[in-house]
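A look at the structure
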Amino acid sequence: MLGHRSSKTQQGVTLIEILVTMLIAAIGLLGTAGLQLAATRYQHTAQIRSQAIVQAQFIAEKIKANINAVIAATPPNAASAYLAPDAYAAATLAALPADPGCGTGASLCSAAQSAVKDMRDWRLSLQALPGGRGSILPVVAGTATDRAARQIVVMWQEKQQYEVGTAATPNPDAAPTDPTCPAPRVGGVRCFTVLVTP
C-alpha cells in the first residue's frame, strides 16, 4: 500500500517539473523575441544613418567639383555659393531654390546655375530620410569666414528619439535635442555634420 502512494506522489512531481520547464522556456523565448525586436530597430537606425552619410557625401562631391562657384561668389550668397543656413524648421521644401532650367539637352549650366541645381537636387533627395532636411553653413573661425569651406548638416527624425509614451520620453516636448544641429534645435531630430574644404 505504501509503494502505491509513492508512485502517485512521483507522478505529481513530474507534472510540476514539466510546468516549471515550460515556464522557463517561455521566458527564454520572450527574451529572444525582445532581442530580435531590438536588433531590428538598431538595424533600421543604422540604415537611416548610412543614408544620411550618403546624402552628405553627395553634396560634398558636388561642392568639390564646382569649387569655382564657391570661390567666385562675392559676397557669398545662397544663389551661387552652396549656402543654405537654415535650421530644421526652416529647411523645408518651401525653401527649395528655383530650378535654373539648364543641364538638360543642349543647354549647359554656368557654375552658379550648377550650384543652384545641385542644392535643389540635394534637398529633394533628402526626402528619402524620415523628416529629412539639409543645411549648408559657412565655416567661421573667430571673426573670419572661410569663403571656400562649407559645413554640411544632414538632419532627420530618428524614431528612437522622438518615440513618445516611453519611460525615457513620456511626452514629445521632452524629446532630446542633438547638439550638432543648427540652432534653434528641435527635439527628436538627429544631425550628421561634414566639413568640406577645397
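Residues numbered from 1 in each chain as written. Predicted model: local features only at pLDDT ≥ 70, side-chain atom pairs only at ≥ 80, totals over all residues. Heavy atoms only, no water.

Topic: the pattern of salt bridges
The condition is simple: Take a side-chain nitrogen of Lys or Arg and a carboxyl oxygen of Asp or Glu: if they are within 4 Å of each other, that pair is a salt bridge. Only DSSP runs of H or I reaching four residues or more are called helices, and only runs of E reaching two or more are called strands; each is numbered from the N terminus. Summary of the burial criterion: residues with accessible area below 20% of their type's maximum are buried, those above 50% are exposed, and those between are partly exposed, where the area comes from a 1.4 Å probe applied to protein chains only.
All chains considered together, the criterion is met by three salt bridges. Note that R49 and E158 form a salt bridge whose closest N and O atoms lie 2.8 Å from each other. Here E158 lies in the loop between β2 (144-157) and α4 (159-162) and R49 lies in helix α1 (residues 2-65), a separation of 109 residues in the sequence. Take R49: its relative accessible area is 33%, and that puts it in the partly exposed class. Given the relative accessible area of 4%, E158 is considered buried. Residue R190 pairs with D178 through a salt bridge whose shortest N-O separation is 3.5 Å. On the criterion of sequence distance, the pair formed by R190 in strand β3 (residues 189-196) and D178 in the loop between α4 and β3 is long-range, its members being 12 residues apart.

Notes on the state of the cysteines
Note the following rule: Throughout, disulfides are identified as pairs of cysteine sulfur atoms within 2.5 Å of each other.
Overall, the coordinates contain two disulfides when judged by the stated rule. The disulfide that involves C102 links it to C109, with 2.0 Å between the sulfurs. The disulfide joining C102 to C109 has a torsion of about 105° about its S-S bond and is therefore right-handed. C109 gets classed as partly exposed once you look at its relative accessible area, which sits at 24%.

A closer look at the side chain of R123
This is how the line gets drawn: Think of a polar contact as two N or O atoms within 3.5 Å of one another; within protein, one of them needs to be a possible hydrogen donor and the other a possible acceptor, and neighboring residues in sequence only count if both atoms come from side chains. In what follows, a contact means two residues having at least one pair of non-hydrogen atoms within 4.5 Å.
The residue R123 is located in helix α3 (residues 111-125) in this model. A residue is classified by how much of its surface remains accessible, and R123, at 4% relative accessible area, is buried. Polar side-chain contacts of R123 include one of 2.9 Å to the side chain of D86. The residues touching R123, leaving out its near neighbours within four places in the chain, are A84, D86, A91, T92, L93, A95, L96, G134 and S135.

Details of the nonpolar core
Put simply, the rule reads: Among buried residues, those of type Ala, Val, Leu, Ile, Met, Phe, Trp, Tyr and Cys that are joined through side-chain atoms within 4.5 Å constitute a nonpolar core.
Of all hydrophobic cores here, the largest spans 21 residues; its most connected members are I63, I152 and V154. Only α1, α2 (67-72), α3 and β2 provide two or more residues apiece to this core. If you tally residues by element for this core, the top one is α1, at six residues. Residues contacting V154, with those up to four places away along its chain left out, are A52, Q55, A56, W122, L126, L129, R133, R190, C191 and F192. Ranked by size, the runner-up nonpolar core spans eight residues in total, among them Y88, L137, C181 and V189.

Regarding a nonpolar patch on the surface
Basically, it comes down to this: Nonpolar side chains (Val, Leu, Ile, Met, Phe, Trp, Tyr) within 5 Å and like charges within 9 Å form the patches, drawn only from residues with over 30% relative accessible area and no salt bridge. Using a 1.4 Å probe, the Shrake-Rupley method yields the accessible areas, and only the shown protein chains count as cover for residues.
Taken together, the side chains of L15, I18, L19 and M22 define a hydrophobic patch exposed on the protein surface, amounting to about 420 Å² of accessible area. As for its position among the elements, I18 is in helix α1.

So, the pairing of β2
Selection rule: Strand pairing is assigned whenever DSSP identifies at least 2 bridges connecting the two strands.
In the sheet, strand β1 (residues 133-141) pairs with β2 via nine bridges, with the strands oriented antiparallel. The residue bridging L137 from the neighbouring strand is Q151, located in β2. Between β1 and β2, which pair antiparallel one after the other, the connecting turn spans two residues, and G142 there sits at a positive phi close to 70°. By the bridge criterion, eight bridges tie β2 to β3 in an arrangement that is antiparallel. Considered in β3, the bridge of M155 is made with C191.

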